[in-house]
Amino acid sequence: MNDTNNVQQVPVPKQKKSHAGVVFFLLVVAGFCFYTYYEYTNHQIEIARLKEECTPVSTTKDEKKLDLNSTIVQDLYSKVATNIKEDVAEPTFSDNMKLYLAFRQIPHDKIYNSNCNQFSDTAMPLYTCLDNENSTPKAFKEETLKIEYKKLFGETATFQNANIQLGRKCVGGYQYIESRGEYVEGYCAQVPTTSYYAEKELEKVISKESTIYLYEKVKYLASAGQKVPEELLSGTYKYTFKLDTNYNYVLLSKELEQ
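Report follows, based on the coordinates. (Residues numbered from 1 in each chain as written. Predicted model: local features only at pLDDT ≥ 70, side-chain atom pairs only at ≥ 80, totals over all residues. Heavy atoms only, no water.)

### Structural notes on the packing of helix 4 (residues 95–104) against helix 5 (residues 142–153)
- Contact geometry for helix 4 and helix 5: axes closest at 8 Å, N-to-C directions at 105°. On the basis of their axis angle, the class for helix 4 and helix 5 is roughly perpendicular. Touching Lys98, Leu99, Leu101, Ala102 and Phe103 of helix 4 are Leu145, Glu148, Tyr149, Leu152 and Phe153, all from helix 5. (Axes fitted to C-alpha atoms, helices over the stretch in contact; angles between N-to-C directions. Helix = DSSP H or I, 4+ residues; strand = E, 2+ residues; numbered from the N terminus. Parallel < 35°, antiparallel > 145°, perpendicular 65-115°, else oblique. Contact = heavy atoms within 4.5 Å.)

### A look at the side chain of serine 94
- With respect to the helices and strands, the residue serine 94 is situated in the loop between helix 3 (84–89) and helix 4.
- At 2.9 Å, the side chain of serine 94 forms a polar contact with the side chain of glutamate 90. (Polar contact = N/O pair within 3.5 Å; in protein donor to acceptor, adjacent residues only side chain to side chain.)

### Observations concerning the sheet that holds strand 6 (residues 172–177)
- Sheet architecture is open: five strands sit in the order 2-4-7-6-5, paired in antiparallel fashion. Every interior strand has two partners, whereas the edge strands, strand 2 (112–113) and strand 5 (164–165), have only one.
- Pairing of strand 4 (residues 138–141) with strand 7 (residues 182–185) involves three bridges; the strand directions are antiparallel. In the sheet register, lysine 141 faces strand 7, and the bridge partner there is glutamate 182. (Pairing = 2+ DSSP bridges.)

### Comments concerning the pairing of strand 7
- The sheet contact formed by strand 6 and strand 7 spans four bridges and is antiparallel. Counterpart to glutamine 175 in the pairing with strand 7 is valine 184.
- The turn linking strand 6 back onto strand 7 is made up of four residues, and glycine 181 within it adopts a positive phi angle of 65°.

### Section: empty space enclosed by the protein
- Scanning all chains against the criterion turns up one cavity of 30 Å³ or more.
- Taken as a whole, the largest cavity spans an internal volume of roughly 70 Å³.
- Val80, Thr82, Asp87, Glu90, Pro91, Thr92, Phe93, Met97, Leu101, Tyr239 and Lys254 together form the lining of the largest cavity. (1 Å grid on protein atoms, 1.4 Å probe; cavity = no way out; pocket = protein on both sides within 12 Å on 5 of 7 lines; lining within 4 Å. Points joined across faces, edges and corners; volume = space filled by probe spheres on them.)

Below, the structure is given as structure tokens:
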């Protein structure tokens, strides 16, 4: 007879719980957090970069220097930069010069072939009108010039039609004919020449709030044995542009800094 009470039961060891799943889960969470932080950081850096690139002018009271090679700077400077022949013909920032600068902005497709009807040879010194098999005068509408004038100098700027000619020189050469509502090209036999020359350099451009200031360094020089005319003043010229209600940077002034 077997004594079952004397049989010793061997205890079954408890299986250890595996932590592999927990570790894997934690690694996944950590990786996700790191990826999210990395993407967020890159996103913020990209936003900062776009703000810098897409907001080239300062909209605060703080001054900001603009890149001289930026498109906005080059565009504004091209509207006001003049050569020595233009400076000699009209040394001051006169109404004639303003009208001439607006004329320079007219797109080529707004200028068309025309005729000499009602053109006056006595209304513009040195100019006459030629209309023959070898020469056809160009013309453009007065409204075209008015639009460019307002874009350059602002909606509130006073526009007045007048012949486009700098001084009594062969620079410009479009006569305003009121009855036609057109500007008609004249011909000048004298080729504009000068013995003076100018060294011009855009020194710096600063934006502040809605205003941009262009600083141009100018030095006028003469050929040997000649003297620069008193009206040609060397120095630093400041051009002031302001953003208007039509989102155009309009030219407010040109001043020689003392």
